[in-house]
Amino acid sequence: HDLSPQPGTAAWPVGEVRALTMPMAVDSNTPAGVYPVIIGVYTLTAGGQFDRLQMVTAEGRLTDDFFVLAQVRAE
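Since we're looking at a predicted model, the values are computed, not measured.

Peer 1: I keep staring at the pattern of salt bridges and nothing clicks. Help me out?
Peer 2: Taken as a whole and assessed by the stated rule, the structure comprises one salt bridge. Measuring nitrogen to oxygen at the nearest pair gives 2.6 Å for the salt bridge that ties Glu-16 to Arg-18. Arg-18 gets classed as partly exposed once you look at its relative accessible area, which sits at 37%.

Shown next, in the form of structure tokens:
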């Protein structure tokens with residue numbers, strides 16, 4: 001699910017924590033198993049496209065462009 005919070009995140013004060021509620025629907029045909037719940041954050045480019053931001057380690061190394069929040073089990 002994609003969400004564009006209003007006002008946009010550029011208007012959020014630095015350091016302020018905000019909660020976002022996201023729906024999570026599971027298709028009834030989903031095979032049983034354990035699935036990761038991931039999040040990604042995007043930035044709007046000068047050309048109007050969206051680029052997914054990469055995470056940065058404490059050493060400054062770029063890593064994945066998503067974060068695993070949790071794992072859920074479908075039965």
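Peer 1: Any chance you could explain the environment of Val-72 here in plain terms?
Peer 2: Assignment of secondary structure puts Val-72 in strand S4 (residues 67–74). Since its relative accessible area comes to 31%, Val-72 is described here as partly exposed. Every residue in contact with Val-72, bar those within four places of it in the chain, is listed here: Met-24, Gly-33, Val-34, Tyr-35 and Val-37.

Peer 1: Even after reading the chapter, I still don't get unusual backbone geometry, so can you show me in this structure?
Peer 2: Apart from glycine, the bulk of residues carry a negative phi angle, and the bulk of peptide bonds sit in the trans form. Pro-7 follows Gln-6 through a cis peptide bond whose omega is -5°. Of note, Pro-7 is situated in the segment before strand S1 (33–39).

Conventions used here
- Residues numbered from 1 in each chain as written.
- Predicted model: local features only at pLDDT ≥ 70, side-chain atom pairs only at ≥ 80, totals over all residues.
- Heavy atoms only, no water.
- Salt bridge = Lys/Arg side-chain N within 4 Å of Asp/Glu carboxyl O.
- Buried < 20%, exposed > 50% of the residue type's maximum accessible area, 1.4 Å probe, protein only.
- Helix = DSSP H or I, 4+ residues; strand = E, 2+ residues; numbered from the N terminus.
- Contact = heavy atoms within 4.5 Å.

Remember that the coordinates give geometry; whether it matters functionally is a separate question.
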